[in-house]
Amino acid sequence: MIVEDDEKVRRIVADTLRKWQYEVIEVSSFERILDEFVKGQPHLVLLDVNLPMYDGFYWCQQIRSVSKVPIIFLSSRSQNMDVIMAINMGADDYVQKPFDLSILVAKVSALLRRNYTYQDGSMQISHRQLIFHLSNSSIQYREQTEELSRNEFIILQTLMRNIGKIVPRDELMQVLWNDEQFVDDNTLTVNVNRLRRKIALLGIEDFIVTRKGMGYLIE
């Protein structure tokens with residue numbers, strides 16, 4: 001979904017993405033963007049900062065209140081504070097205008113690969129009767145459901161993409177926090193333990209196994 005009030009920019013971006021076989025929703029009415037989002041159920045949002053009525057930061061918060069869908073800001077505003085605000089409000093990336101279309105497409109593709117794993121054409125992964133719903137970041141076992149945080153979502157997706165293989169702690173930290181050097185190693189342990197507790201609440205014990213000195217795996 002593209003939320004961009006500059007019609008020329010919106011059309012160029014939309015046409016480029018369609019050439020890469022993406023389905024595109026172009027928002028042209030900016031009073032009810034959240035309604036458009038809920039109606040369209042996009043897998044990724046490209047969001048301008050300077051918009052009529054309310055700005056992109058406001059709409060990012062609104063979208064984040066109902067979904068963990070990837071969000072990329074597109075903006076001519078280049079102040080560090082704008083980038084920091086965008087990330088703190090839940091954006092996944094911030095692309096400054098003017099931008100190279102090929103780089104934007106690469107970022108879109110990378111975010112979609114990172115956030116969604118398709119199995120038999122559906123947006124869910126199942127193992128040991130646990131169903132991981134990628135579209136709404138939740139896990140289900142029998143009739144019970146638990147919602148996951150962003151970090152829990154990424155950890156579980158990474159582990160379930162590698163069932164039977166040990167995923168090193170360093171790899172998980174890289175996926176979660178990229179090159180942030182000051183993230184405490186214990187922070188990963190806290191996030192994994194929170195995920196374990198949610199899975200245990202559903203009635204599945206020992207779903208995530210620790211290999212001391214190596215990492216984690218799902219057997």
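Residues numbered from 1 in each chain as written. Predicted model: local features only at pLDDT ≥ 70, side-chain atom pairs only at ≥ 80, totals over all residues. Heavy atoms only, no water.

Enquirer: I would appreciate a short explanation of the pairing of strand β9 (residues 144-147) in the present structure.
Expert: Residues in a regular strand point their side chains to alternate faces of the sheet. Sheet topology note: the strand β8 (residues 138-141)/β9 ladder contains 4 bridges and is antiparallel. Bridge pairing in β9 links Q140 to T145. Counting the residues that bridge the hairpin from β8 to β9 gives 2 residues, and of these R142 lies at a positive phi of roughly 55°. (Pairing = 2+ DSSP bridges. Helix = DSSP H or I, 4+ residues; strand = E, 2+ residues; numbered from the N terminus.)

Enquirer: Sorry if this is basic, but what is going on with the sheet that holds strand β12 (residues 215-217) here?
Expert: By definition, the strands of a sheet pair up through backbone hydrogen bonds, in either a parallel or an antiparallel sense. The sheet built from 3 strands is open, its strands ordered β10-β12-β11 with antiparallel pairing. Each having just a single partner strand, β10 (167-168) and β11 (209-211) make up the two edges of the open sheet. Where β11 meets β12, 3 bridges bridge the pair, whose relative direction is antiparallel. By the bridge assignment for β12, V209 is matched with L217.

Enquirer: Mind showing me how you'd approach the sheet that holds strand β6 (residues 124-127) here?
Expert: Here we have 4 strands laid out as an open sheet, ordered β6-β7-β8-β9, and antiparallel in their pairing. A strand with exactly one partner marks an edge of an open sheet, and here the two such strands are β6 and β9. Taking each pair of neighbouring strands and ignoring which way they run, the sheet shows an average axis angle of 20°. Summarising the sheet, strand β7 (residues 130-133) and β8 pair through 4 bridges and their orientation is antiparallel. Among the inter-strand pairings, L130 is bridged to a residue of β8, identified as Y141. Contacting β6, β7, β8 and β9, helix α6 (residues 150-160) crosses the sheet at an angle of about 120° to β7. Here helix α8 (residues 185-202) sits on the sheet and contacts β7, β8 and β9; the angle it forms with β9, its principal contact strand, is near 165°. (Axes fitted to C-alpha atoms, helices over the stretch in contact; angles between N-to-C directions. Contact = heavy atoms within 4.5 Å.)

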